[in-house]
Amino acid sequence: MEAPPAGTAAQEAEDEPLLLAELKPGRPQQYDWKASCETWSVAFSPDGTWFAWSQGHCIVKLIPWPLEEAELSCKASERKNRGIKADVRGGGGAKEKTLECGQIVWGLAFSPWPPSGTKERDGLPAPGRSCLILATGLNDGQIKVWEVQTGRLLFSLSGHLDVVRDLSFAPNGSLILVSASRDKTLRIWDLRRDGKQVQVLTGHTQWVYCCSISPDCSMLCSAAGEKSAFLWSMRSYTLIRKLEGHQSSVVSCDFSPDSALLVTASYDTCVIMWDPYTGEQLRTLRHVPLPPALDYGGDIHASSLRSVCFSPEGLYLATVADDRLLRIWDLELRTPVAFAPMTNGLCCVYFPHGGFIATGTRDGHVQFWSAPKVLSSLKHSCRKALRTFLTTYQVLALPIPKKMKEFLTYRTF
């Protein structure tokens, strides 16, 4: 019997992702509909129970997940004909919420708020009670942090001098928040200390578009309108190295679930996969024009990337580009395995448990797509478990065969 590929033991892949649902904002009467309607950011909560959507016009929608079965399976054409209703309910019976942020919302990030043993303080979640929080990055440089279950504003963080373009919480629940701004800085905030700003990271010469904290919380990657991405230590808040290899502005970045890989996406139409520990380029994924029979973009040039994200098991990537395509890449094959036509895409994110991808558009819409369902092989599961606590240098120092080291460091799949 032929062995399955190293990456997967079982896989259900389709020729192209299916559009499962499309959410379209209702028209706010008090705003000019043609301005500020972009969905710059979409996010799932780490536990997969909520979805957040910056739907434009200073509004964030918080939607319980999963959507009702009828909504998730409805056709996009049916969904477009009606806005989101206020009584949408998820599987747990929670109600959809609307956050009025007062400014255009650019960045979103969820984090659990762990229960604490400290005395109760005004405006904060009660001691001994865990909850979920959402940080929103605003057009005026402020960051507002909300309690998801109640919609209550917990913090307003001030310090940035321009748009807060992206946000990232430390995945370990420490309530450390990193913000990336058009003022060319990154700032570190500690919500356990009443939102105290603990560090300002400088060095970028252009707007900072994206920030991503590694799942092991040891590294931070930032992408600005420059040809290099910056890699920072989350322990000392110092620059580790610049990752140089792109030919145009780097605009998006993401770490693999085991922190062993980092991907960066650029306007040069390429995604580069890096070993963040050594700075080595492992792969380059090029967005080339499709054959005429599959070309959804007409005369749109094979073009600038907008967003890249890893799948939860770390074997696939999703990318959104200006050529009107969502692509899903198999890292073992180094090529796209699925395409879907989408117009004016800006961002993408995987559902934490796999199976879905959410994308946001310039029109203020959110689309939910099916994604390949993957059962990781034992080999990959072991590699992923080992790499969550072993750096590349530690793997290379192990007394094991060279081929095993190459596998564990993703030189081979």
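Described below are features of the structure shown in this document. (Residues numbered from 1 in each chain as written. Predicted model: local features only at pLDDT ≥ 70, side-chain atom pairs only at ≥ 80, totals over all residues. Heavy atoms only, no water.)

### Examining the overall build of the protein
- Helix and strand counts for the protein stand at five helices and 30 strands.
- Counting across all 413 residues of the protein, residues that qualify as buried make up 56%.
- Surface accessibility of the protein: about 17,600 Å² in total, with carbon and sulfur atoms responsible for 51%. (Helix = DSSP H or I, 4+ residues; strand = E, 2+ residues; numbered from the N terminus. Buried < 20%, exposed > 50% of the residue type's maximum accessible area, 1.4 Å probe, protein only. Areas by Shrake-Rupley, 256 points an atom, 1.4 Å probe, with all protein chains shown as cover.)

### Things to note about the sheet that holds strand S9 (residues 143-147)
- The strand order across the open sheet built from four strands is S7-S8-S9-S10, with neighbouring strands paired in antiparallel fashion. Of all strands in the sheet, those bounded by a partner on one side alone are strand S7 (105-113) and strand S10 (152-157). Each neighbouring strand pair of the sheet contributes to a mean axis angle of 20°, computed without reference to strand direction.
- Strand direction decides the pairing type here: S7 and strand S8 (residues 131-138), joined by eight bridges, are antiparallel. Following the sheet pairing, Ser111 is matched in S8 by Ile133. (Pairing = 2+ DSSP bridges. Axes fitted to C-alpha atoms, helices over the stretch in contact; angles between N-to-C directions.)

### Comments concerning the pattern of salt bridges
- Counted by the stated rule, this structure contains eight salt bridges.
- Note that Glu280 and Arg411 form a salt bridge whose closest N and O atoms lie 2.5 Å from each other. Remark: Arg411 occurs in the segment after helix H5 (402-408) and Glu280 occurs in strand S22 (residues 280-286); sequence separation between them is 131 residues.
- A relative accessible area of 38% means that Glu280 is categorised as partly exposed.
- When the shortest N-O distance is used, the salt bridge between Arg327 and Asp323 registers 2.9 Å. An identical accessibility class is assigned to Arg327 and Asp323; each is buried.
- Counted as one network, the salt bridges with shared partners bring together Asp275, Glu280 and Arg411. (Salt bridge = Lys/Arg side-chain N within 4 Å of Asp/Glu carboxyl O.)

### Some points on unusual backbone geometry
- Along the chain, Trp65 connects to Pro66 via a cis peptide bond; the corresponding omega equals 5°.
- Of note, Pro66 is situated in the loop between strand S5 (59-64) and helix H1 (69-72).
- Positive phi outside glycine occurs at Cys58, with the angle close to 70°.
- If you trace the backbone, Cys58 turns up in the loop between strand S4 (50-56) and S5.
- In this structure Cys58 comes out as buried when scored by relative accessible area, which is 12%.
- Although it is not a glycine, Thr269 sits at a positive phi angle of roughly 75°.
- Looking at the element boundaries, Thr269 is found in the loop between strand S20 (262-266) and strand S21 (270-275).

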